[in-house]
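Structure at a glance
For reference, the chains in residue letters:
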Amino acid sequence: MKISYHGHSIIKIETNGKTILIDPFINGNEQTDLNADDQNPDVILLTHGHNDHVGDTVEIAKRSNALVVAPFELANYMEIQGLNTHPMHIGGAYEFEFGKVKFTQAFHGSSYTTEDNQIIYTGMPAGILFMAEGKTVYHAGDTALFSDMKLIGDRHPIDIAFLPIGDNFTMGPEDAAYAAELLQATHVVPIHYNTFPPIKQDPEKFISMLKEGQGKMMHAGDQVEL
């Protein structure tokens, strides 16, 4: 399994002959190395409906015919946009041909703002557990710290966790470091920082808060293999 980070909260997973994109916010994201026109994933996983996570999903999925997997209300909204979707919800898991997806809780909001400034409610925000090839990836989405992260880690041994550290809208570095302790992931990668002024953070400082060898700094375009 190959996993790459592409700025803000974008994660790409290549496994079982398929390419999966999580939260493909590309256009308008100065932190990313991707060009939306070049992306042809088989699957797009969405954590919640905010524009900096849905991003270029509609354009990419229409071109590539990607399956969009998202929380129920967001999946329904994506279906209205003409996309092929698979709705799920928090606590639910599904075994796809490319791997198993399970949505976890996240403490945040979820709505999509249209070009004419309509705000569309898109249900509950979520985190994602992705399991394939005997490995488990946890993308926390946008969330505050919550104590059930320990339960997530206890029930799902996590090989790599992607945690927001930006503060203001999500956990800050201190809370994210405590989340890493609860999750007990083998590797922890900071995401969702420095894209906008209110979420400016020093990721190296966050890494220094973690137990030795747990933190992993990834820049846009960096890849790891599990």
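Scroll up a little and you will see the structure.
These notes cover the structure that comes with them. Only a predicted model underlies this, so the values are computations on that prediction, with no experimental measurement involved.

1. Examining the overall build of the chain
What the chain contains, in helices and strands, is six helices and 15 strands. Each principal axis of the C-alpha atoms in the chain carries an extent, and together these give about 45 × 40 × 30 Å. The contacts in the chain between residues at least 6 apart in sequence include a share of 59% that link residues at least 24 apart. Carbon and sulfur atoms form 45% of the exposed surface of the chain, whose accessible area is close to 9,700 Å². When the 14 positive and 30 negative side-chain charges of the chain are each reduced to one mean point, those points stand 7 Å apart.

2. Quick notes on unusual backbone geometry
Despite not being glycine, Asn-16 has its phi angle at roughly 50°, a positive value. Tracing the backbone shows Asn-16 in the loop between strand E2 (11–15) and strand E3 (18–22). Positive phi, close to 55°, is recorded for Glu-133, a residue that is not glycine. In this fold, Glu-133 is placed in the loop between strand E11 (126–132) and strand E12 (135–139).

3. Description of the pairing of E11
A large share of E11 lies buried, amounting to seven of its seven residues. Every second residue of E11 is oriented toward a common face, with Ala-126, Ile-128, Phe-130 and Ala-132 on one face and Gly-127, Leu-129 and Met-131 on the other, all of them buried. Alignment of strand E8 (residues 99–105) against E11, held across six bridges, turns out to be antiparallel. Within the sheet, the bridge partner assigned to Lys-102 lies in E11 and is Leu-129. When E11 meets E12, the two strands line up antiparallel, connected through five bridges. Bridge pairing links Leu-129 to Tyr-138 in E12. The loop that links E11 with its antiparallel partner E12 comprises two residues; one of these, Glu-133, has a positive phi angle of about 55°.

4. Concerning the sheet that holds E8
What the six strands build is an open sheet, ordered E7-E8-E11-E12-E13-E14; its pairing is mixed. A single partner strand is all that each edge strand has here, and the edge strands are strand E7 (93–96) and strand E14 (187–191). The average angle at which neighbouring strand axes cross in this sheet is 15°, direction not considered. Against the sheet, helix H5 (residues 173–183) makes contact with E12, strand E13 (160–164) and E14, and its axis sits at roughly 155° relative to E13, the strand it touches most.

5. Points about the side chain of Asp-52
With respect to the secondary-structure elements, Asp-52 resides in helix H1 (residues 51–54). Engagement of the side chain of Asp-52 in a polar contact is seen with the side chain of His-8, the distance being 2.8 Å. Beyond its immediate chain neighbours, meaning those up to four positions away, Asp-52 contacts His-8, Phe-25, His-192 and Phe-196.

6. Some thoughts on the pattern of salt bridges
Under the criterion given, the structure shown has two salt bridges. With a shortest N-O distance of 3.8 Å, Lys-18 and Glu-97 are connected by a salt bridge. Note that Lys-18 is positioned in strand E3 and Glu-97 in the loop between E7 and E8, a separation of 79 residues in sequence. Assessed through its relative accessible area of 67%, Glu-97 is described here as exposed. Residue Asp-154 is joined to Lys-150 by a salt bridge in which the shortest nitrogen-to-oxygen separation is 2.9 Å. Separated by four residues within a single helix, Asp-154 and Lys-150 lie in helix H4 (residues 149–155), roughly one turn from each other. With a relative accessible area of 43%, Lys-150 lands in the partly exposed category.

Thresholds applied
- Residues numbered from 1 in each chain as written.
- Predicted model: local features only at pLDDT ≥ 70, side-chain atom pairs only at ≥ 80, totals over all residues.
- Heavy atoms only, no water.
- Helix = DSSP H or I, 4+ residues; strand = E, 2+ residues; numbered from the N terminus.
- Contact = heavy atoms within 4.5 Å.
- Areas by Shrake-Rupley, 256 points an atom, 1.4 Å probe, with all protein chains shown as cover.
- Lys, Arg positive; Asp, Glu negative; His and termini not counted.
- Charge placed at Lys NZ, Arg CZ, Asp CG, Glu CD.
- Buried < 20%, exposed > 50% of the residue type's maximum accessible area, 1.4 Å probe, protein only.
- Pairing = 2+ DSSP bridges.
- Axes fitted to C-alpha atoms, helices over the stretch in contact; angles between N-to-C directions.
- Polar contact = N/O pair within 3.5 Å; in protein donor to acceptor, adjacent residues only side chain to side chain.
- Salt bridge = Lys/Arg side-chain N within 4 Å of Asp/Glu carboxyl O.

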